[in-house]
Structure formats: C-alpha cells, structure tokens
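Descriptive analysis of the structure
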Amino acid sequence: MERRKFLAGAGAVTVGAVAATAPGAAGHAAPGIRHVETGLDVLVRSDFADLAGQRVGVISNPTGVDSDYRHLVDLMHASGSVRLAAAFGPEHGFRGSAQAGGSEGTGIDARTGITVYDAYGASLAKWESMFTQAGVDTVVFDIQDVGARFYTYIWTMYTSMMAAARVGKRYVVLDRPNPVGGRAYGPMMTAGYTSGVGLKEIVQQHGMTVGELARFFNAEFLPAEAGRRVDLHVVQCRHWKRDKLAADTDLPWVLPSPNMPTADTALVYPGTGLFEGVASLTEGRGTCKPFELIGGLADDFDYHWSDRLNARELPGVEFREAYFTPTSAGQKPALLNKLCAGVEVKVVDRAAYDPIRTAVAMLVEAHKYEAFAWRRDSWDAVRPYWIDKLTGSPRLRTMIDAGADVDDVVGAWADELADFNRRREPHLLYR
C-alpha cells in the first residue's frame, strides 16, 4: 500500500486531558443564542464510555471537533480510553487539504500515527475491505452536514453503514445540528437519476440531522440494500430544536469543504447549489462568497437579472447586482478568471427564506437570457444533464424549458414532499 505522511491540521490545538471540564463549560452563550452540545461533546463528557473495550475506526474530517475545537481523533488518541484503530477520510480528506472532487490518499496521520484510509467515492466492497483490514469493531461517524441531498458526506455515511451491516460492525453516529434547520423542502430523488450526489430517495433539503438520517436510512433502505439493518447507535445533541439554525447556537463553525466557508453559505446552498447544473453560470467558487454570488460572463448577463428578481418580492431574500471574477471554476473552465455579472443573494429574514423556491425563481429569470445553457456531461450519454441529478429527475429542467413559472415548478413536488415528511417522522429525534 502506498502511504504518505499527513500534515497535522493547520492551527490544531494541543489536546488536554479528556477528563477536563466539559466543552463549552468555561463560557456562556450570548443573549438569545442557545448553548448546544453535539454528540461529540456528550461523548467526551462521558470519557468515551460508549466506546469502551472496542477497536474503533473513525469517519471524519476537520468538522469533527468539540466546542473547544478539539478534534475527535486527537481526543481519542490522547484519552487512553479508546482503542483507536484507523480513520477514514471522505471527499476533501480527513484533515481537509483536498479541493472539490479530491482526496488526501491513504497514509499515516502525522499527529496520531494512525492509518488514514482514502474513502472518497469508496464502493461498498471497498468499505468492507477497509473495515476488515483495519480490524475495527465499531465505526464512528462525525461530520458536519449542511442539509442538502447533493452534499456528499451523507452518502459516505450511507455506504459505510451498509458495509458495516454486511461485515457485522457496530455503527455510532455522533450527531450534530442541521445548520439550516429541521424543515424539509424540495423535490424527491427518483431511482433513475441516483448518483454520487444523491444515492437514495430523499428530498433536496432533507431537514434532518445526520443521526436522524442514519435512523431513516437504517429503517427505509438498509434491509433491502444490505440484507439487514446495522447495529446503530446515535449519540444525540443536547439543547437543539428543529427550528434553530446555526446562527441561533454557539457552536463553532469549521469549513466542511473549501467552498462552504460560513453558516450563511450553508443557508443558501440547498438552493444555489443547483447552479452547478448550469453551464453558463458560476456558483461563485473562488470568491469570498461561494453560492451567495451567482453570475455569468459580463457580456451575457446584466443588472436586469437582479431587478427582475427583486420585483418578485420573494420572502426573506433580496438581490444585489454583483460583478466578480471566479478564481476556481469547477466544471466550467470557460468562466475561470473572467469578469462575471450576476447577483449576490442576501438573506434578510432567515425564518421566511426558502432556498429552493428562491433558486427556482433565479433559474426561471436566468433562463430568459440567450446565453443560458444547462450543463451537459459527455461521460453520461443516458442522463447528460447534471441538473437532473441534482434535482432528482428531468422535471425541473423540462418545466423551466417549457416556460413554467415558479409556483408551477414548486407545486409539482408538493405531494412527494408531504409523503417524505410522513415517512421521516418516526425517525426524528428532536422537536
């Protein structure tokens, strides 16, 4: 096996005794802000009692920190209470040094000396092999999700859960609040359009924590897909409620990926992430406000876009005419380092804001420009449109192409959203 040495996470702090004061206990939340404990905070306070006597493998990234920014793996390594066997790095890597679509490879972690396996895009068979090779009894998942179906970490969790079920490993999820709240929005994934940005039938903004999703996956999908349920345990958050956003808590924000710099980015992402499916528009990668800045070549798009959007008076949001130059283009090299014109999405009322409805309005208005073009991927001749994989079917694309307005597009998924809300209800942990 080719190995390389991992650098310790930039700015990492020295890990103190695990039995120290409970994370966050030294201070208090600001007025109006709720002090919330994550599953990791709860586990640390118990001195990792739930993992006693087990050989543990950890699936995590830089977001797996407690309220004092101490990483789960570093805490385990320092504790003496956990038999830490290995770590598994998802997209962007365990320590977070890789860009979108990248990984850190398999190697030795400089801080702890444990083997870190490259798990980005791992198949079911590869997960089974990694768990067996590492000799783990229990798999621990601790990654901050951002609440959108096309954010890949939940599918890392799903596939690794299936593998753990098949090879008889226990699976522990250290829960974290959903930073965009507990309400579900958007269209359902359909079986013909599953991919790495949506493996199973859930709606676009699922409104669940990773712990709740794990319970949902375990009941709804694993019996058929893996042949059995996994031995699942969720270490729940404390003091979080479904109507609370990241801004309503005192939890630290660590970038889950290079283009998710703030909780404000996460708030818009379930909607503006759809612009990854538009060839002629950049979603602002390589700017200081990815997914909040959306635009195309300045010769093709102009101020009329923001004017028309503001005239719609969409709830909770306003649009600023914006000009910017993306220094990262993702799958759109024609826009790299080019002056782009478009809009900045300004959320002015978080409670009223619907990110997916807003993005549909943005698409409807952008579609009026002659330069507008959906992204087509030559590697998938059967399902070439990336937007179809992001939304779960061709419906949104074909409706907008046919001239449908926002209410028609959004209304088309009302029944499937209601059904999803009914199905997920037994698996919710927070009210």
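To be clear, the structure that these remarks concern was listed above.
So, here is what we can say about the structure in this document. All figures in this text were calculated on a predicted structure; none of them were measured in a lab.

Attention now moves to the sheet that holds strand β11 (residues 293-297). Strand order in the open sheet made by the three strands is β11-β13-β12, with antiparallel pairing throughout. Of all the strands in the sheet, just β11 and β12 (317-324) have a single pairing partner and so form its edges. Averaged over all pairs of adjacent strands, the angle between strand axes in this sheet comes to 20°, irrespective of strand direction. As defined by bridge partners, β12 adjoins strand β13 (residues 340-347) across eight bridges and the pair is classed as antiparallel. By the bridge assignment for β13, Tyr323 is matched with Ala341. Against the sheet, helix α8 (residues 304-311) makes contact with β11, β12 and β13, and its axis sits at roughly 175° relative to β12, the strand it touches most. Contacts from helix α9 (residues 355-366) reach β11, β12 and β13, with the element oriented near 50° to β12.

So, about the packing of helix α3 (residues 124-134) against helix α4 (residues 153-167). In a packed pair of helices, the relevant descriptors are the angle between the two axes and the axis-to-axis distance. Running from N to C, α3 and α4 point in directions that differ by 60°, and their axes come no closer than 9 Å. The orientation of α3 relative to α4 falls into the category oblique. Taken as a pair, α3 and α4 cross one another with a handedness that is right-handed. Contacts from Leu124, Trp127, Glu128, Phe131 and Thr132 in α3 reach Thr156, Thr159, Ser160, Met162, Ala163, Ala164, Arg166 and Val167 in α4. The residue inventory of the contact of α3 with α4, partitioned by class, reads seven nonpolar, four polar and two charged.

Let's shift gears to α8. Here α8 has its buried residues at Trp305, Ser306 and Leu309. The buried residues of α8 all sit within an arc of 95° when viewed along its axis, so they share a single face. In the core, the buried residues of α8 are packed alongside β11, β12, β13 and α9. Following α8 by one or two positions, Glu313 has its phi on the positive side, about 55°.

Turning our eyes to something else, we now look at unusual backbone geometry. Glycine aside, residues mostly have negative phi, and peptide bonds are mostly found in the trans state. The residue Asp47 is not glycine, and still its phi comes out positive at about 55°. Among the residues examined, Asp47 registers a relative accessible area of 35% and is labelled partly exposed. The phi dihedral of Asn337 falls on the positive side, at around 60°, and the residue is not glycine. Positionally, Asn337 belongs in the loop between β12 and β13.

Below, the discussion takes up the nonpolar core. Phe88, Met157, Tyr171, Phe217 and Trp305 are the most contacted members of the largest nonpolar core, which totals 96 residues. Per element, the largest residue contribution to this core is ten residues, and it comes from α4. Residues Leu51, Val56, Leu84 and Ala87 belong to the second largest nonpolar core, which totals 22 residues.

A separate point is helix α2 (residues 72-79). Counting buried positions along α2 gives six out of eight residues, so the element sits mostly inside the fold. Along α2, the residues that are buried comprise Leu72, Val73, Asp74, Leu75, Met76 and Ser79. Each element contacted by the buried residues of α2 is listed here: α1 (39-45), β2 (55-60), β3 (83-89), β6 (138-142) and β7 (170-174). Gly80, located one to two residues past α2, shows a positive phi value of around 75°.

Turning our eyes to something else, we now look at the environment of His35. Note on placement: His35 falls in the loop between β1 (5-6) and α1. Between the alpha carbons of His35 and Asp109 there is a distance of 32 Å; along the sequence they are 74 residues apart. Separated by 2.8 Å, the side chains of His35 and Asp250 make a polar contact.

Turning our eyes to something else, we now look at the environment of Val345. In this structure, Val345 sits in strand β13. Here Val345 falls in the buried class, since its relative accessible area comes to 1%. With 279 residues separating them along the chain, Val345 and Asp66 place their C-alpha atoms 31 Å apart. Once residues lying within four places of it in the same chain are set aside, the contact partners of Val345 are Val268, Thr272, Glu292, Val317, Glu318, Phe319, Tyr353 and Met362.

Right, let's get into the pairing of β6. Counting buried positions along β6 gives five out of five residues, so the element sits mostly inside the fold. Of the two faces of β6, the one carrying Thr138, Val140 and Asp142 and the one carrying Val139 and Phe141 are both buried. Looking at chain direction, β2 and β6 are connected through five bridges and run parallel. Within the sheet, the bridge partner assigned to Val58 lies in β6 and is Val140. Strand direction decides the pairing type here: β6 and β7, joined by four bridges, are parallel. Within the sheet, the bridge partner assigned to Val140 lies in β7 and is Val172. For the segment spanning β6, α4 and β7, crossover handedness is right-handed.

Rules of the game
Residues numbered from 1 in each chain as written. Predicted model: local features only at pLDDT ≥ 70, side-chain atom pairs only at ≥ 80, totals over all residues. Heavy atoms only, no water. Pairing = 2+ DSSP bridges. Helix = DSSP H or I, 4+ residues; strand = E, 2+ residues; numbered from the N terminus. Axes fitted to C-alpha atoms, helices over the stretch in contact; angles between N-to-C directions. Contact = heavy atoms within 4.5 Å. Parallel < 35°, antiparallel > 145°, perpendicular 65-115°, else oblique. Left-handed = near helix turned anticlockwise from the far one by under 90°. Nonpolar A, V, L, I, M, F, W, Y, C, P; charged D, E, K, R; others polar. Buried < 20%, exposed > 50% of the residue type's maximum accessible area, 1.4 Å probe, protein only. Arc of directions from axis to C-beta. Core = buried A, V, L, I, M, F, W, Y, C linked by side-chain atoms within 4.5 Å. Polar contact = N/O pair within 3.5 Å; in protein donor to acceptor, adjacent residues only side chain to side chain. Right-handed = clockwise from strand over helix to strand, strands pointing away.

Everything listed here is a matter of geometry and, on its own, says nothing about what the molecule does.
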